[in-house]
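# Structural description and commentary
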Amino acid sequence: MNQRQKIDIFKQALYEMYPDAETELDFENEFQLLVAIIMSAQTTDKQVNKVNQTFFQHLKSPADGVKMWEEWIRNHIRAVNFFNNKAKNIFKTCEILSHSPIPRSIEELTKLPWVGIKTAKVFLGVADNAPYLGVDTHVHRVLNRVWFVKTKTPLETDAKVAKVFTTDDLAKLHHTLILFGRYHCIARKPKCGDCPVKDICNYKNKNI
Ligand code: SF4
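Residues numbered from 1 in each chain as written. Predicted model: local features only at pLDDT ≥ 70, side-chain atom pairs only at ≥ 80, totals over all residues. Heavy atoms only, no water.

### Here we look at the packing of helix H8 (residues 137-146) against helix H9 (residues 154-164)
It is at 9 Å that the axes of H8 and H9 come closest, and there the two elements cross at 70°. Here H8 lies roughly perpendicular to H9, going by the angle between them. In this structure, H8 crosses over H9, and the sense of that crossing is left-handed. Across the interface between the two elements, His 140, Leu 143 and Asn 144 of H8 pack against Pro 154, Thr 157 and Val 161 of H9. (Axes fitted to C-alpha atoms, helices over the stretch in contact; angles between N-to-C directions. Helix = DSSP H or I, 4+ residues; strand = E, 2+ residues; numbered from the N terminus. Parallel < 35°, antiparallel > 145°, perpendicular 65-115°, else oblique. Left-handed = near helix turned anticlockwise from the far one by under 90°. Contact = heavy atoms within 4.5 Å.)

Structural data, given as structure tokens:
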């Protein structure tokens, strides 16, 4: 079986598992989406949503953040990891975006504080359905286990995904792969025995 056939089997299986895959972050507008993605670094979406039930009642626009000040943001997001840095950068983001619209390119988005390539791609993928696959630890792990890439870091994987998948696949695959890594091909105990792609997966520690 060649690589292209494997990729087709993989995509088909994952789309059947998660036909309606979408972001699990809660938000009411694009500004809140960007803030939620910034908050989700090293923190689960579930925890971010819990915190944002209250936080987002007050933070609906960059102007709200500027009005409330950094200390107020810090106090509201204490329950997420790295809350100090995140509060500082969310406040700076509010200051910048209170004067200009949210950028719509990776190059411009990554000029915002705490916005890296992954955050920019996730934002554009969700907000604009842009053809990007944001590579987080789940995506990086799954693609290495199946052996579509052989890389050491999510950044290296990010540089290679465009050669593995077609542009049309990237946006849809993004959420699908995250759910697959989050709930099925789990870091510590992947559910290999019950995995629809086990026959094409090269992971040497498969729990079958
Ligand atoms: S067989 Fe196991 S390691 Fe491979 S993709 Fe499935 S769950 Fe992940």
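Additional details are given in the paragraphs that follow.
### Points about the packing of helix H2 (residues 30-39) against helix H5 (residues 83-97)
At their nearest, the axes of H2 and H5 sit 10 Å apart, and the two run at 155° to each other. Taken as axis vectors, H2 and H5 run roughly antiparallel relative to one another. Handedness of the crossing formed by H2 with H5: right-handed. For the pair H2 and H5, the contacting residues are Phe 31, Leu 34, Val 35, Ile 38 and Met 39 in the first and Lys 86, Ile 90, Thr 93, Cys 94 and Leu 97 in the second. Its residues assigned to classes, the contact of H2 with H5 comprises eight nonpolar, one polar and one charged. (Nonpolar A, V, L, I, M, F, W, Y, C, P; charged D, E, K, R; others polar.)

None of the figures reported here should be taken as evidence of function without further support.
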